[in-house]
Amino acid sequence: MRKLPPLRALQVFEAAARQSHFSRAAAELCITQSAVSHQVKQLEEHYGERLFKREGRQLNLTAKGTLLYNGLEQIFNELSDLSIKISGESNDQLRLAVYSSFAIKWLIPRLSDFRRQHPQIKIRLDMMTNDPELTDNVADMFITGQSGQLGFHHHVLHKERLIPVISPSLLNPDKSAIEELRLHPLLTVDEGPLGLDWDRWFVANKVQLPAEQQQHIFSHVLMAIEAAIAGQGIALASDFMVQADIERGLLIELDLPDILTGFEFQFSCKQRRLKEPAIAAFVTWLATQE
């Protein structure tokens, strides 16, 4: 006969450990916070080990708690997969966490094609500005700059390349691209620790930035692109973000060098979930969009 710990307490502990919070675990399981505390205490008494430790307001796992949580995560995932196989059901509602700029300029214009091919699969887009933790608690799939996460499948969707773009209304056919560059304001994006994008362009191409060159600084590239379309100057933008605007004649790519930023947009999901029909369909479709 198997010697098993209290199974309900294991379920409550897994939720509390994953959420790093008793209240959030209680909300997820539709029980009270005191019930969560009681179940965790019951499990600690069963093992004779502390599973959580409080450090200020932070709730952290002990070494034994971490060992238990890692094992439970694998067991619960396998149990979920087994349940799907037995019931014949599949998860056709997926959450995709994705950068807002990539979603607006690359993914959303293409997504109608996926929905036409797979009308039964519902995808919720959760747009973000910073890399989230890669966990099922956040989303089923991710498009971020992260790679190398243990247990995850990663695939490069796009290597970021910045190109100079200008509105046709500003373009003078009698002037060279470098003359145009010095004639108009630069629509510059402040990329935080990386600095100003145009400053990086001048350094990368060994071109001297004129002291009198006017720069209008934006906090996000989407604003710089809109300003370029409005004829306010020359922007540096990711090629995929302005592809549609160039095709519609709203912007023109200047005949100037581009720069590779070294940033890669990565699609990620848990390796074990690649066989789920909905995720497999999305991965297959993504491969046709590159």
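Structure report, in brief. Everything numeric here is computed off the predicted structure, so don't read it as measured data.

1. A closer look at a nonpolar patch on the surface
Reasoning step 1: On the surface, a cluster of nonpolar side chains totalling about 330 Å² of accessible area is made up of Leu 79, Leu 82 and Ile 86.
Reasoning step 2: Counting through the fold element by element, Leu 79 comes out in helix 4 (residues 63-87).
Reasoning step 3: Judged by its relative accessible area of 52%, Leu 79 falls in the exposed class.

2. A closer look at the side chain of His 184
Reasoning step 1: When you line up the elements, His 184 lands in the loop between helix 6 (177-183) and strand 7 (186-189).
Reasoning step 2: Accessibility expressed as a relative area gives 11% for His 184, which makes it buried.
Reasoning step 3: In terms of polar contacts, His 184 uses its side chain to reach the side chain of Glu 180, at 2.8 Å.
Reasoning step 4: Sequence-distant contacts of His 184, that is, excluding residues within four places in its chain, are made with Ile 166, Leu 170, Gln 213, Gly 233 and Ile 234.

3. A closer look at the nonpolar core
Reasoning step 1: Judged by nonpolar contacts, the single largest core of 47 residues is most densely connected at Leu 96, Phe 102, Phe 114, Ile 123, Met 141, Phe 267 and Phe 282.
Reasoning step 2: Grouped together as the second largest cluster of nonpolar side chains are 20 residues, Leu 10, Val 12, Phe 13 and Val 36 included.

4. Things to note about the pattern of salt bridges
When charged atoms on two side chains of opposite charge get close, those side chains can pair.
Reasoning step 1: All chains considered together, the criterion is met by 17 salt bridges.
Reasoning step 2: The shortest N-O distance in the salt bridge between Lys 270 and Asp 136 comes to 3.6 Å. Taken together, the positions of Lys 270 in strand 11 (residues 259-270) and Asp 136 in the loop between strand 4 (122-128) and strand 5 (141-144) put the pair 134 residues apart, joining distant regions of the chain.
Reasoning step 3: The partner of Arg 273 in a salt bridge is Glu 276, and the shortest N-O contact between them spans 2.8 Å.

5. Some details on the packing of helix 8 (residues 221-229) against helix 9 (residues 239-247)
Reasoning step 1: Where helix 8 meets helix 9, the closest approach of the two axes is 11 Å, and the angle between their N-to-C directions is 25°. Taken together, the axes of helix 8 and helix 9 are roughly parallel relative to one another. Where helix 8 crosses over helix 9, the two elements pack in a sense that is right-handed. On helix 9, the residues touching Val 221, Leu 222, Ile 225 and Ile 229 of helix 8 are Met 241, Val 242 and Asp 245.
Reasoning step 2: Residue composition of the contact of helix 8 with helix 9, by class: six nonpolar, no polar and one charged.

6. Structural notes on the packing of aromatic side chains
For any pair of aromatic rings, the description consists of the separation of the ring centres together with the inter-plane angle of the planes.
Reasoning step 1: On inspection of all chains with the given rule, the structure shows 17 aromatic pairs.
Reasoning step 2: On the numbers, 6.0 Å between centres and 45° between planes, the contact of Trp 198 with Phe 202 is tilted. Taken together, the residues span about one helical turn, with Trp 198 and Phe 202 both in helix 7 (residues 197-204) at a distance of four residues. Judged on exposure class, the residue Trp 198 and its partner Phe 202 are both buried.
Reasoning step 3: Of note, Arg 54 hangs over the ring of Phe 22, and the distance from its end group to the ring centre comes to 5.8 Å.

7. Some remarks on the environment of Gln 149
Reasoning step 1: With respect to the helices, strands and loops of the structure, Gln 149 is situated in the loop between strand 5 and strand 6 (152-166).
Reasoning step 2: The spacing of Gln 149 and Glu 55 is 94 residues in sequence and 27 Å in space, taken between C-alpha atoms.
Reasoning step 3: Residues within four places of Gln 149 in sequence aside, it is in contact with Leu 134 and His 154.

8. Regarding the packing of helix 5 (residues 100-117) against helix 10 (residues 277-287)
Reasoning step 1: For the pair helix 5 and helix 10, interaxial distance at closest approach is 11 Å and the crossing angle is 125°. As judged from the angle between their axes, helix 5 and helix 10 are oblique. Crossing geometry of helix 5 relative to helix 10 is assigned as right-handed. Contact residues: Trp 106, Leu 107, Arg 110, Leu 111, Asp 113, Phe 114 and Gln 117 in helix 5; Ala 281, Phe 282, Trp 285 and Leu 286 in helix 10.
Reasoning step 2: Of the residues belonging to the contact of helix 5 with helix 10, the class tally is eight nonpolar, one polar and two charged.

About the thresholds
- Residues numbered from 1 in each chain as written.
- Predicted model: local features only at pLDDT ≥ 70, side-chain atom pairs only at ≥ 80, totals over all residues.
- Heavy atoms only, no water.
- Patch = residues over 30% accessible without salt bridge, like charges linked within 9 Å, V, L, I, M, F, W, Y side chains within 5 Å.
- Areas by Shrake-Rupley, 256 points an atom, 1.4 Å probe, with all protein chains shown as cover.
- Salt bridge = Lys/Arg side-chain N within 4 Å of Asp/Glu carboxyl O.
- Helix = DSSP H or I, 4+ residues; strand = E, 2+ residues; numbered from the N terminus.
- Buried < 20%, exposed > 50% of the residue type's maximum accessible area, 1.4 Å probe, protein only.
- Polar contact = N/O pair within 3.5 Å; in protein donor to acceptor, adjacent residues only side chain to side chain.
- Contact = heavy atoms within 4.5 Å.
- Core = buried A, V, L, I, M, F, W, Y, C linked by side-chain atoms within 4.5 Å.
- Axes fitted to C-alpha atoms, helices over the stretch in contact; angles between N-to-C directions.
- Parallel < 35°, antiparallel > 145°, perpendicular 65-115°, else oblique.
- Left-handed = near helix turned anticlockwise from the far one by under 90°.
- Nonpolar A, V, L, I, M, F, W, Y, C, P; charged D, E, K, R; others polar.
- Phe/Tyr/Trp six-rings, centres within 6.5 Å; stacked < 30°, edge-to-face > 60°.
- Lys NZ or Arg CZ within 6 Å of the ring centre and 35° of its normal.

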